[in-house]
Amino acid sequence: MPVIAREIPEAPDPSKLVDAAMLKGAWLNAARKDVNAFISYVFLDCQPQTWFHAEWQESCNTQKAHVIFAPLEHGKTEQISYWRTLFLLGTHPELRIWICSATSELAKKVIGQLKQAITLNERLHEVFPHLKQERRPGKQNTWNKTALIIERQNNWRDPSVFATGIMGNSLGSRVDRFIGDDMMNFRNTWFEAQRERSVAWFKGPECIGRWTDQCQAVLINNPWHTKALASICVSEMGFTSTTYEACDDDFGGILWPKNQYQGVTVGFDEERLRQRYEMMGSVEFGRCYRSKMLNASTEWFNMKSMQACLRDDLTLNKRLPRNMLSICGVDPAVSKKKRTNDCVFFHIGVDPATGIKRITQIIIGKMGAVSILKVMLEILRREGDTTFIVEANAQQAYLLQIIRTPEIMKACGATDAEASKLRGSVREFYTTDAKRDPETGISKMNTDFEARTWEVPECREVQRWFGELLDYRPGTHTGDVAMASYFAWVEAERVSSGRSSRSMKTVEQFMDDMDPQSELGDIMGMRF
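Residues numbered from 1 in each chain as written. Predicted model: local features only at pLDDT ≥ 70, side-chain atom pairs only at ≥ 80, totals over all residues. Heavy atoms only, no water.

Caption draft 1: Inspection of helix 16 (residues 416–425) at higher detail. Within helix 16, the full set of buried residues consists of Glu418, Ala419, Leu422 and Ser425. Relative to the axis of helix 16, the buried residues are bounded by an arc of 130 degrees and lie together on one face. When the buried face of helix 16 is taken as reference, the exposed residues oriented beyond 90 degrees from it are Asp416, Ala417 and Gly424. Looking at the packing, one finds that the buried side of helix 16 touches helix 13 (369–383), strand 14 (386–391), helix 15 (406–411) and strand 15 (426–429). (Buried < 20%, exposed > 50% of the residue type's maximum accessible area, 1.4 Å probe, protein only. Helix = DSSP H or I, 4+ residues; strand = E, 2+ residues; numbered from the N terminus. Arc of directions from axis to C-beta. Contact = heavy atoms within 4.5 Å.)

Here it is in structure tokens:
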């Protein structure tokens, strides 16, 4: 049946249609000439750019080689790698653009976003109808995870845009625009050898050697180390730079005030910034949001924060409250020789509901394997269920094999039940580069001092622990007590937050995976 309108719709006002058409025409004309107008029309629903984002774009327009140091979560990739690249392709289709990130996977994500916009974004097509995938016969065409070619006059093999990780091979012989999008991370900035390697690559034929004389370069990053690549570009290579902070010392003067855009919260308010501070700690927050660079003398722990966690009513060797789980980090040096490191037991309790951690024992000394086992048995008898986190390496394999040997366990005074319980209580900790990473490693323990979630008795052993933490520098030797505390802390974080740890294996899993270190007969005959 025909549909009968209930009422005749009102005829549109011709003058309004003309005004709308003129307004759209003005937007399209502006978007084809100005990058900020382009971003506003295509991506921001005609809302103006935030002032500092517009400033970034202007810097890229006017500077031949520029570094932007900007905070986390402030739109770096969207503004420069994604939206600016689309504008450049629309206005100058002949350009060859290289986007370089810390890893190839990060770079590939940008290529995926570019492909999706070129294929599906209607407003982009209104502004640049010629911006499309190259499909014409006889033309070079590339459209994959790492590179793409758009329709252009020439027939170069070089991609219109390609993306790699730092140290990656260029996919084009020549480059007209270089975008370094968060090229720096902990792995390639903290260690001197890695810094030198990345700088040498950047200066060499595989990177700058590909740039044309007209090439413009921009690096947009979180600040890292004063000797890292972006800093070297400014101090030694003539790059200009601008630095932005998310807030001031009192969490005021917020750079990007919190706002809603298409149902997504962007920007920050004081509460959100304070949450980041509490989660990251002062040093890492300062780097990520206040643009404060690290250097060789950066102190990752603060004595004032540590001393604030001292409790006069606590002493060592007291039993833990019932609401706390017993965890013991063990950094065993299986030898009694004077030149070996100390064996350390760092025994804490953690309240899974609050994350509060209480130190109950710190045992330090030169010990053989049997002595270590006896201490573990004593802790198990005193506290009952205890998880022992033991560093895993070839030397420690001897200790683990002994735990699985009934005759030796019996010689240590363990009953069959105690031996069985101990075997099930030991978890291996595989020490990786993660221990040096400020987001996950030893320095992250400082957030608990600043949040006052450590309960620490005042004693000589604790003072040594504090001293080792104050001396801590990623890339240098970490003290024995600090390492043992880190093992315990990682497990405490796991049980109090519900997260699992990839660093952990049970002793049974470890021994099943590990190549035999020696015959058990040799172990039985050793003197400990």
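We are not done yet, so read on.
Caption draft 2: View of empty space enclosed by the protein. With the rule as written, the count across this model stands at 2 cavities of 30 Å³ or more. Around the largest cavity, the lining residues are Ser59, Cys60, Gln63, His66, Arg84, Leu88, Arg177, Phe178, Ile179, Gln216, Ala217 and Val218. Broken down by secondary-structure element, the contributors of at least two residues to the lining of the largest cavity are helix 3 (51–62), helix 4 (76–91), strand 5 (175–181) and strand 6 (211–221). Its residues placed into classes, the lining of the largest cavity shows 6 nonpolar, 4 polar and 2 charged. What the second largest cavity holds in volume is close to 60 Å³. If you go around the second largest cavity, the residues you meet are Met280, Gly281, Ser282, Val283, Glu284, Trp300, Pro438, Ser443, Lys444 and Asn446. Considering only residue class, the lining of the second largest cavity consists of 4 nonpolar, 4 polar and 2 charged. (1 Å grid on protein atoms, 1.4 Å probe; cavity = no way out; pocket = protein on both sides within 12 Å on 5 of 7 lines; lining within 4 Å. Points joined across faces, edges and corners; volume = space filled by probe spheres on them. Nonpolar A, V, L, I, M, F, W, Y, C, P; charged D, E, K, R; others polar.)

Caption draft 3: Region of interest: the environment of methionine 279. Following the sequence through the fold, methionine 279 ends up in helix 10 (residues 270–280). With residues near it in sequence (within four places) discarded, methionine 279 still touches Lys444 and Thr447.

Caption draft 4: Representation of the layout of surface pockets within the structure. The volume enclosed by the largest pocket comes to roughly 1,100 Å³. Contributing to the lining of the largest pocket are 39 residues, with Gly75, Glu78, Trp83, Trp256 and Val266 lying nearest its centre. At the level of elements, helix 4, helix 5 (104–120), strand 8 (259–261) and strand 9 (264–266) are the ones that each hand at least two residues to the lining of the largest pocket. When its residues are assigned to classes, the lining of the largest pocket shows 17 nonpolar, 15 polar and 7 charged.

Caption draft 5: Just the packing of aromatic side chains, in detail. This structure, assessed with the given rule, holds 39 aromatic pairs. With a centroid separation of 5.9 Å and an interplanar angle of 50 degrees, the aromatic rings of phenylalanine 251 and phenylalanine 285 are classed as tilted. Separated by 34 residues along the polypeptide, phenylalanine 251 in the loop between strand 7 (240–243) and strand 8 and phenylalanine 285 in helix 11 (residues 282–290) bring together distant segments of the chain. For phenylalanine 285, a relative accessible area of 4% puts it in the buried group. Each ring, one from phenylalanine 301 and one from phenylalanine 449, has its centre 6.3 Å from the other, and the planes form 80 degrees; the classification is edge-to-face. (Phe/Tyr/Trp six-rings, centres within 6.5 Å; stacked < 30°, edge-to-face > 60°.)

Caption draft 6: Local environment of the sheet that holds strand 1 (residues 65–69). Taken together, the 7 strands give an open sheet; going across it, the order is 3-4-2-5-6-1-7, and neighbouring strands pair in mixed fashion. The open sheet is flanked by strand 3 (147–148) and strand 7, the only strands paired with a single partner. Across the sheet, helix 3 touches strand 1 and strand 6, and the angle it forms with strand 6 is around 160 degrees. (Pairing = 2+ DSSP bridges. Axes fitted to C-alpha atoms, helices over the stretch in contact; angles between N-to-C directions.)

Caption draft 7: Examining the pattern of salt bridges more closely. Applying the stated criterion to the full structure yields 30 salt bridges. As a salt-bridge pair, aspartate 176 and arginine 96 come within 3.0 Å of each other at their nearest N and O atoms. Here the residue aspartate 176 occupies a position in strand 5, and arginine 96 occupies one in the loop between helix 4 and strand 2 (97–101), the gap between them amounting to 80 residues. We note that aspartate 176, like arginine 96, is buried. Each of Asp342, Lys366, Arg464, Glu468 and Asp480 takes part in one network of salt bridges that share partners. (Salt bridge = Lys/Arg side-chain N within 4 Å of Asp/Glu carboxyl O.)

Caption draft 8: Structural view of the pairing of strand 2. Along strand 2, 5 of the 5 residues are buried, which leaves the element largely enclosed by surrounding structure. For strand 2 and strand 5, the ladder comprises 4 bridges, and the chain directions are parallel. Within the sheet, the bridge partner assigned to isoleucine 99 lies in strand 5 and is isoleucine 179.

Caption draft 9: Inspection of the nonpolar core at higher detail. Within the largest apolar cluster, 67 residues are counted, with the highest numbers of intra-cluster contacts made by Phe178, Phe202, Phe346, Trp454 and Trp465. Counting residues per element, this core draws most heavily on helix 19 (residues 480–497), which supplies 10 residues. Aside from chain neighbours lying at most four places away, what touches phenylalanine 178 is Trp98, Cys100, Met183, Phe202, Cys207, Trp211, Cys215, Gln216, Ala217, Val218 and Leu219. (Core = buried A, V, L, I, M, F, W, Y, C linked by side-chain atoms within 4.5 Å.)

Caption draft 10: Spatial organisation of the packing of helix 2 (residues 35–43) against helix 3. At a closest axis distance of 9 Å, the pairing of helix 2 and helix 3 adopts a crossing angle of 135 degrees. In terms of their interaxial angle, helix 2 and helix 3 are classed as oblique. Here helix 2 contributes Val35, Asn36 and Ile39 to the contact with helix 3, which in turn contributes His53, Ala54, Gln57 and Asn61. Looking at the contact of helix 2 with helix 3 residue by residue, the class counts come to 3 nonpolar, 4 polar and no charged. (Parallel < 35°, antiparallel > 145°, perpendicular 65-115°, else oblique.)

Caption draft 11: Spotlight on helix 18 (residues 460–471). An ideal rise of 1.5 Å per residue puts 16 Å on 12 residues; helix 18 measures up with 17 Å between its terminal C-alpha atoms. Among the residues making up helix 18, those that are buried are Glu461, Val462, Trp465, Phe466, Glu468 and Leu469. Taken end-on, helix 18 shows its buried residues confined to a sector of 165 degrees, consistent with a single buried face. For helix 18, the exposed residues set more than 90 degrees away from the buried face come down to Arg460 and Asp471. (Expected span 1.5 Å × (residues − 1).)

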